[in-house]
Amino acid sequence: MRFWIAATLIFIIASLTVCAIKANRSKKAIRKAVALLVCSTMPPVMGNLIIICSRDKLYSQIGYYIYFLGMDIFMYAIFRFTFEYCHITKHAVKSKRIVLFFMMLDFIQYIVNIFTGHVFDTRLIEADGADYYQLVPYLGQTFHRILDYGILAIVLIIFIVKTIRSPKIYAERYLVILITMVVVSAWETYYIFSRTPVDSSMIGFGVYGILVFYFSLYYRPLRLLDSMLASIASGLPEALYFFDMNRTCIWTNVLGEYLLDLKGNNLESAKEKIRTMFGDCPWESDEWNARKKVESEDGNKYYYLEKHGVFNETGKRVGSYIRVRDVTEEQEVLEKEKYNATHDSLTDIYTKKFLFETFAEMLKENPNIDYYVIYSNINDFKIVNDIFGNQFGDYVLKYIAGMIQAEMEGKGIAGRLVGDTFGMCIPVDKFNEADIVRELTHFTVTDGDIEHYVLMHLGVYRVIDRTLDVSYMFDRARIALSTIKDDYHTYIAYFDSEMREKVLWEQKITTQLSGALTEGQIVPFLQPIVDAEKKVVGAEALVRWNHSEEGFLAPYKFIPVFEKNGMIADIDRYMWRRACELLYQWNKAGIDMFISINISPKDFYFMDVGIEIRNIVKEFGINQERLRIEITETVMMSEQDNIMNILNDFRRDGFIVEMDDFGSGYSSLNMLKDMPIDLIKIDMAFLRKSENSDKAEIILKNIVRLSSELGLIALTEGVETEEQYQLLAGLGCSLFQGYHFAKPMPVEEFEDKYIKRRE
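Note that the structure is predicted; figures quoted are calculated from it, not measured.

**Considering unusual backbone geometry**
Thinking step 1. Of note, Asp380 is a non-glycine position whose phi angle comes to about 55 degrees, a positive value.
Thinking step 2. Following the sequence through the fold, Asp380 ends up in the loop between strand 9 (371-378) and helix 13 (381-388).
Thinking step 3. Unusually for a residue other than glycine, Lys534 sits at a positive phi of about 65 degrees.
Thinking step 4. Among the structural elements, Lys534 can be located in the loop between strand 16 (522-531) and strand 17 (536-547).
Thinking step 5. The class of Lys534 is partly exposed, set by a relative accessible area of 37%.

Dropping the structure here:
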């Protein structure tokens, strides 16, 4: 008997050692408490093993000391473990300190027992045919037992309360440890009161340590998990259907029953009802998903179906399940977002982007249908807003959009391009010009007491080149519209061959500009500027294009094109550099002349004009006063503060700033007081329109006088006769420019006439 108990205890000690190592390596928060409990189980078991195996009184007493002191350590460890395992934080630290205090007292009395013998002694008896030293307890041993049983009672009470108060699905993790403690305590109590020689209850202590290790760190409460998973699955906002190996439905949640109306838990019919409700799906496959639309009395419903296989730990298929989620709200939100992204928020017709995309698809899908692209706008729509307010203006836009949409119904598509412009795409055979003109001839919009005649124009482009980008098609329709913009009797204009040739011409010279600049086809012409004595003091640099195919192109043929597309900035930058090169060469020859360069309003949008010009001047090292900056009044019409700052910077750096076409705009006199300029160029052309020469002379005289009083230089351009020159000179004008003196000429001719002659 003693042999088998000893062998069992050795096995338990080995098992506890393994558990202690694994517990210490665990990553769970409770690992330290578990490791301490498992380790503290070994001393009493080891002490009991020594007692059982010993034939000597001294060894037996050593075993008893290890046994009892180990029990103290074990009781403290189980007390600490209980507080952490049961998640008790209130008074935890204080309680542990009290228990530790009494344990230390018990520890001390066992040490004193070596000298006093007041705790225990041993006596020799025979057990299983061999000597055995049995415990003889005294008063100190009673204190030890009261202390240990008191701590055990507290631990048992905590576990009992925790087991009772916890939900049934959680009680299992506490109940197993509680039952084990009760059994071990009863076993130990029986040993004490039965006076059985050999203490076999230590086997229970070892088993208890192993169970604590397992339940704390590795045990997964399957009943708890099953209950939780079933509860979660039943409460999910989607229908679930589980199928066995034979694809027979074996379980569904409440939502699944409701969706298929599975009365009386008739699960066998679930599979067929799913097929009937959702139609075609790869039902025999274990992995698939699908989005289905189901028509019902309450309207269309949308569902997302998903099927997956279920496999065991070896990878063998054991069943499958289908998830069905109602995505009607998501689909409605998605469709609403898509609608908002493709429809104008005010007029509820297509956006420009979606109109272009849709028409591009129409062209691909209908290669044999001829289409018109229509660009339409409201003439002087700004006046509508100014007179009647934005609310009526919005009403007009919505009314017209509704009218267009009704006209396009079943024929074509329409969208709002920007502001008061609309775009339409319609087959040629469905476009009825007569009906549209009749509709637009007396087109009025009425809202309450407000009634307003609205003039609309349509530009029409017939799609010939279907590979052309849709945006270019609308550009051509817009070009057609621009030809009747101010016509109050013509409502529709078609893009014709003349417009087409113009567009092709613009495209052609646009692509050729870069090469023309590189090859020197773009050249400066200089028109002399003379003083009151007719002495040439400078020149204005004017751009000319010596085209390789067309010959010399007049500026009006290409400048407006590049003004429109912004490439004028490349030309101007080139002209500034050429002007600086000429000034550099003249300066080396000792020629004191200036050159005026033109700055386009578009230049300010495509580059930093100030930095560009300063860098070129710095590169050639010329005097800033020799390069004059010439702007038009229209430059000041946008971003006025920014332009003012740039011009002020020019003047501070020593440049002379000139304003061209003075008097041709409506705000020149109003802005003159604030504009940072040094010279005004007076255009004779606006004065020739007057039939009264006396008035013309008065205007000229006052402009010259005004410029003088403001400290500005007056330069009159467009002088064509000696009479005009004498008149202007007599009025006090300082500088002159015009055909009377010389036309714009190539640089070589200018230098032959005015530079070399001086030399």
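**Side note on the sheet that holds strand 10 (residues 413-418)**
Thinking step 1. A sheet is described by the order of its strands in space; here six strands give the open sequence 8-10-11-9-14-15, paired in mixed fashion. Single-partner strands in this sheet number two, and they are strand 8 (350-351) and strand 15 (492-494).
Thinking step 2. When strand 9 meets strand 11 (residues 421-427), the two strands line up antiparallel, connected through seven bridges. Within strand 11, the position partnered with Asn377 by the bridge is Thr421.

**Quick notes on the side chain of Glu658**
Thinking step 1. Checked against the element boundaries, Glu658 lands in strand 21 (residues 657-662).
Thinking step 2. Among residues more than four places away in sequence, those in contact with Glu658 are Ser596, Arg628, Ile629, Glu630, Ile631, Leu679 and Lys681.

**Let's talk about the packing of aromatic side chains**
Thinking step 1. Under the defined criterion, the tally for this structure stands at 36 aromatic pairs.
Thinking step 2. A centroid spacing of 6.2 Å and a plane angle of 50 degrees characterise the contact between Tyr110 and Phe120, whose relative ring orientation is tilted. Of this pair, Tyr110 sits in helix 4 (residues 92-116) while Phe120 sits in strand 1 (residues 120-127); the two residues are 10 residues apart in sequence, bridging distant segments of the chain.
Thinking step 3. Owing to a relative accessible area of 0%, Tyr110 belongs among the buried residues under this scheme.
Thinking step 4. Grouped by ring-pair contacts, the aromatic residues Tyr64, Tyr65, Tyr67, Phe68, Tyr110 and Phe120 constitute a single cluster.

**Description of the pattern of salt bridges**
Thinking step 1. Throughout the structure, instances matching the rule amount to 31 salt bridges.
Thinking step 2. Asp344 is paired through a salt bridge with Arg416; the nearest N and O atoms lie 3.1 Å apart. One end of the pair, Asp344, is in the loop between helix 11 (328-342) and strand 8; the other, Arg416, is in strand 10, and 72 residues separate them in sequence.
Thinking step 3. With a relative accessible area of 15%, Asp344 lands in the buried category.

**A closer look at the sheet that holds strand 3 (residues 239-243)**
Thinking step 1. Within the open sheet, the five strands sit side by side as 4-3-7-6-5. Their pairing is antiparallel. On the outer flanks of this sheet lie strand 4 (249-252) and strand 5 (288-296), each paired with one strand and no other. Taken over all neighbouring pairs, the strand axes of this sheet differ in orientation by 25 degrees on average, direction set aside.
Thinking step 2. Sheet analysis places strand 3 next to strand 4, joined by three bridges and oriented antiparallel.

**Observations regarding the nonpolar core**
Thinking step 1. One finds Trp586, Ile613, Leu627, Ile629, Phe650 and Phe750 to be the most contacted residues of the largest nonpolar core, which totals 78 residues.
Thinking step 2. By residue number, the principal contributor to this core is helix 19 (residues 568-588), which donates 11 residues.
Thinking step 3. Residues in contact with Leu627, not counting those within four places in the same chain, are Ala579, Cys580, Leu583, Ile595, Ile597, Ile613, Val617, Ile622 and Phe655.
Thinking step 4. By size, the runner-up hydrophobic cluster in this structure holds 66 residues, among which are Ala20, Val38, Leu69 and Val155.

**Examining empty space enclosed by the protein**
Thinking step 1. Summed over the entire model, instances satisfying the criterion amount to three cavities of 30 Å³ or more.
Thinking step 2. One number sums up the size of the largest cavity: a volume of about 290 Å³.
Thinking step 3. In this structure, the largest cavity is lined by 21 residues; those nearest its centre are Met71, Asp148, Tyr149, Glu188 and Phe205.
Thinking step 4. If you list the elements that add at least two residues to the lining of the largest cavity, you get helix 3 (57-85), helix 5 (139-165), helix 6 (168-194) and helix 7 (202-217).

**Some words on the layout of surface pockets**
Thinking step 1. Each pocket or cavity is described by its volume, and for the largest pocket that value is around 830 Å³.
Thinking step 2. Along its surface, the largest pocket is lined by 32 residues, and Glu540, Leu542, Asn598, Glu630 and Asp660 are the ones closest to its centre.
Thinking step 3. When contributions to the lining of the largest pocket are tallied by element, the ones reaching two or more residues are strand 17, helix 18 (555-565), helix 19, strand 19 (594-598), strand 20 (627-632), strand 21 and helix 24 (685-688).
Thinking step 4. Among the elements that take part in the lining of the largest pocket, strand 17 stands out by supplying five residues, more than any other.
Thinking step 5. Among the residues forming the lining of the largest pocket, the class breakdown is 14 nonpolar, seven polar and 11 charged.
Thinking step 6. A volume near 490 Å³ is recorded for the second largest pocket.
Thinking step 7. Around the second largest pocket, the lining is made up of 17 residues, and of these Arg478, Ile479, Val503, Glu506 and Lys564 lie nearest the centre.
Thinking step 8. Of all elements in the fold, only helix 16 (470-482), helix 17 (497-519) and helix 18 reach the threshold of two or more residues within the lining of the second largest pocket.
Thinking step 9. Its residues assigned to classes, the lining of the second largest pocket comprises six nonpolar, five polar and six charged.

What counts as what
Residues numbered from 1 in each chain as written. Predicted model: local features only at pLDDT ≥ 70, side-chain atom pairs only at ≥ 80, totals over all residues. Heavy atoms only, no water. Helix = DSSP H or I, 4+ residues; strand = E, 2+ residues; numbered from the N terminus. Buried < 20%, exposed > 50% of the residue type's maximum accessible area, 1.4 Å probe, protein only. Pairing = 2+ DSSP bridges. Contact = heavy atoms within 4.5 Å. Phe/Tyr/Trp six-rings, centres within 6.5 Å; stacked < 30°, edge-to-face > 60°. Salt bridge = Lys/Arg side-chain N within 4 Å of Asp/Glu carboxyl O. Axes fitted to C-alpha atoms, helices over the stretch in contact; angles between N-to-C directions. Core = buried A, V, L, I, M, F, W, Y, C linked by side-chain atoms within 4.5 Å. 1 Å grid on protein atoms, 1.4 Å probe; cavity = no way out; pocket = protein on both sides within 12 Å on 5 of 7 lines; lining within 4 Å. Points joined across faces, edges and corners; volume = space filled by probe spheres on them. Nonpolar A, V, L, I, M, F, W, Y, C, P; charged D, E, K, R; others polar.

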